[in-house]
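Chain residues, written in single-letter form:
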Amino acid sequence: MDAAPRLATVHLERVFFRANRTGAAKAPGVCLRCPAVTELVMEFCGMKGQERSRVDRGFFEIDAPRLRYLRYKGSERQFSLASPAPDMAVLELSFVQGPYHCQDRDYDPDRTRVLFWQFVQNFTSAKVLKLKVNNLKDIAMDKARRGELLCTFHNAVCLELEGAHHPTSSKAAAVAIANLLRCCPAIRELRLKLSTVPSDAKEYRSSFLESKCQLDYKKSLDRFMHRHRLNPVIPLDDKDKHDEVPDGIPGLSGHSLTCLQSSLRRVALQFHMDNPSCFGARLIKFFTDNAKVLEQICVDCGNHKLCEHINLNAETWIAPTSSKVCLKRKNIAESSLEFSKIPRKSPNDRTDLAELDTSFTILPLER
């Protein structure tokens, strides 16, 4: 980029470089010098001769001291900054399988995990982190290697994480979330987009399916509002065990996370609600119980049908089973619930809900 010293924005898509090999480097790579660039986008870029390999052995070194925004999308690889980028604002990282990539015999999940954390270590000054991985277990770091690979994003105020997890065993996904929360002690907003299908196996929805989904939503809304005009009371049965959500999440519960104590105010969750004890529902209960300054939870359970919306079930499996929160107000028309935090008092003390200052709401997530 030396030929364009004032160039501020660079967008590279499917560019394959002729790699250089140096004595100190174990793999071929390329250094991009961008003295004035503030915005850099690299999508499915790599080294010549490795276009069809899922594992690209080449490395990228970026010399961009004024960099404020980086979006990288493609294979896991070695990536480093030649000079610090102290004004970094947004890091958008997607480790996904490209359209021309195929499965590689050399694919190593542990190497993928290490490359992810080595990559983000370069951008500890970033204020917004937008991270997408094929599977959350690919970034779950065990206790033995946390000190070596985990870093701290002191300036980060927003964290977005998207990835898949196995529906029957979500401990690795919980560990991944705990790792990132530990790295972000001051975040105010957390957005999680969870799936049970890896991102490289998904298919885009057709326009027919999208229109059908919107039609289902409108019909469900009409039925929902008509039913509650006639019968505004939602029958609840506290003895119904079907809607109960287990306490605690292995890999996440029990950890001392600074952001939960002092900064996290908004949580947005998108997932598919296949049963009341699914990972997404358990995360909602976890944050209601442990985020001390929580103000709002927004939920999209993957179904536009209001009769199956998670907000209508939240009351039955959060408030009755928690000693830390209680239901304060319900808004049927907006499908929202307001909960109050219960202060620690003697069991004999009576608490006036109107006097409780700390509260949070659960709302549908706007896509």
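As the structure is a computational prediction, the values presented were derived from the model and not from experiment.

The next point concerns the overall build of the protein. Of the regular secondary structure elements, the protein holds seven helices and 17 strands. The buried share of the protein, reckoned over its 367 residues, is 46%. For the protein, contacts bridging at least 24 residues in sequence account for 73% of all contacts bridging at least 6. For the protein, the computed accessible surface area is about 19,200 Å², with 48% contributed by carbon and sulfur atoms.

Moving on, we get to the sheet that holds strand 8 (residues 78-81). Across the sheet, three strands lie side by side as 3-6-8; this open sheet has parallel pairing. Both edges of this open sheet fall to strand 3 (29-33) and strand 8, since each of them pairs with a single strand only. Neighbour-to-neighbour, the strand axes of the sheet open up by a mean angle of 15°, direction not taken into account. Bridge count for strand 6 (residues 59-63) against strand 8 is four bridges, and the pairing is parallel. Bridged to Phe-60 within strand 8 is Phe-79.

Read from one edge to the other, the open sheet built from 12 strands follows the order 1-4-7-9-10-11-12-13-14-17-16-15, with strand pairing classed as mixed. Two strands lie at the open edges of the sheet, namely strand 1 (9-13) and strand 15 (325-331), each paired on one side alone. Across the sheet, the axes of successive neighbouring strands diverge by a mean angle of 10°, strand direction being ignored. Bridge count between strand 15 and strand 16 (residues 336-341): six bridges; the pairing is antiparallel. The residue bridging Arg-329 from the neighbouring strand is Glu-338, located in strand 16.

For the rest of this paragraph, the subject is the pattern of salt bridges. Inspection of every chain in the model, using the stated rule, returns 11 salt bridges. Ionic pairing is found between Arg-14 and Glu-13, a salt bridge with its closest N-O pair at 2.8 Å. Looking at Glu-13, the relative accessible area reads 43%, which means it is partly exposed. Between Asp-110 and Arg-113 there is a salt bridge whose closest N-O contact spans 3.4 Å. With Asp-110 and Arg-113 both in helix 1 (residues 109-120) and three residues apart, the pair spans about one turn of that helix.

The next subject is the packing of aromatic side chains. Scanning the entire structure with this criterion turns up 12 aromatic pairs. Between the aromatic rings of Phe-95 and Phe-119, the centroid separation amounts to 6.0 Å while the plane-to-plane angle is 85°, which identifies the pairing as edge-to-face. Taken together, the residues span a long stretch of sequence, with Phe-95 in strand 9 (residues 90-95) and Phe-119 in helix 1 at a distance of 24 residues. The class of Phe-119 is buried, set by a relative accessible area of 0%. Each residue in the set Tyr-72, Phe-79, Phe-95, Phe-116, Trp-117, Phe-119 and Phe-123 is aromatic and connected to the rest through ring pairs, giving one cluster.

Moving on to the side chain of Arg-113. Looking at Arg-113, the relative accessible area reads 17%, which means it is buried. At 3.0 Å, the side chain of Arg-113 and the backbone oxygen of Ala-140 are in polar contact.

For the rest of this paragraph, the subject is the environment of Cys-151. One can find Cys-151 in the loop between helix 2 (143-149) and strand 11 (158-164). A relative accessible area of 13% means that Cys-151 is categorised as buried. Separated by 28 residues in sequence, Cys-151 and Phe-123 place their C-alpha atoms 9.5 Å apart. Apart from the residues lying within four places of it in its own chain, the contact partners of Cys-151 are Val-120, Gln-121, Thr-124 and Cys-183.

A few words now on the pairing of strand 1. Residues of strand 1 alternate between two faces, with Val-10 and Leu-12 buried on one and Thr-9, His-11 and Glu-13 left unburied on the opposite face. Here strand 1 runs beside strand 4 (residues 39-43); their pairing, made up of five bridges, is parallel. Bridging across to strand 4, Glu-13 finds its partner in Glu-43.

This part takes up the environment of Ile-177. Structurally, Ile-177 is set in helix 3 (residues 171-183). The class for Ile-177 is buried, based on a relative accessible area of 2%. When sequence neighbours within four positions are dropped, the list of residues in contact with Ile-177 reads Leu-161, Leu-192, Phe-279 and Leu-283.

For the rest of this paragraph, the subject is the side chain of Ser-94. The residue Ser-94 is located in strand 9 in this model. Sequence-distant contacts of Ser-94, defined by excluding residues within four places in its chain, comprise Tyr-72, Lys-73, Gly-74 and Lys-132.

Let us now look at helix 1. Taking 1.5 Å per residue as the helical rise, helix 1 with its 12 residues ought to reach 16 Å, and the 17 Å between its terminal C-alpha atoms agrees with that figure. All of the buried residues in helix 1 are Thr-112, Arg-113, Val-114, Leu-115, Phe-116, Trp-117, Phe-119 and Val-120.

In this section: the confidence of the model for the protein. In this model, the protein carries a mean pLDDT of 78, and residues with pLDDT of at least 70 account for 68%. Note on residues 227-242: pLDDT is under 50 here. Beyond four places in sequence and across chains, it has nine contacts.

Here we take up the nonpolar core. Nonpolar side chains tend toward joint burial in soluble globular proteins. Grouped together as the largest cluster of nonpolar side chains are 88 residues, with contacts concentrated most on Trp-117, Leu-181, Leu-283 and Phe-287. At nine residues, the largest contribution of residues to this core is made by helix 3. Grouped together as the second largest cluster of nonpolar side chains are six residues, Val-41, Tyr-69, Val-90 and Cys-158 included.

Quick notes on the rules
- Residues numbered from 1 in each chain as written.
- Predicted model: local features only at pLDDT ≥ 70, side-chain atom pairs only at ≥ 80, totals over all residues.
- Heavy atoms only, no water.
- Helix = DSSP H or I, 4+ residues; strand = E, 2+ residues; numbered from the N terminus.
- Buried < 20%, exposed > 50% of the residue type's maximum accessible area, 1.4 Å probe, protein only.
- Contact = heavy atoms within 4.5 Å.
- Areas by Shrake-Rupley, 256 points an atom, 1.4 Å probe, with all protein chains shown as cover.
- Pairing = 2+ DSSP bridges.
- Axes fitted to C-alpha atoms, helices over the stretch in contact; angles between N-to-C directions.
- Salt bridge = Lys/Arg side-chain N within 4 Å of Asp/Glu carboxyl O.
- Phe/Tyr/Trp six-rings, centres within 6.5 Å; stacked < 30°, edge-to-face > 60°.
- Polar contact = N/O pair within 3.5 Å; in protein donor to acceptor, adjacent residues only side chain to side chain.
- Expected span 1.5 Å × (residues − 1).
- pLDDT = per-residue confidence, 0-100.
- Core = buried A, V, L, I, M, F, W, Y, C linked by side-chain atoms within 4.5 Å.

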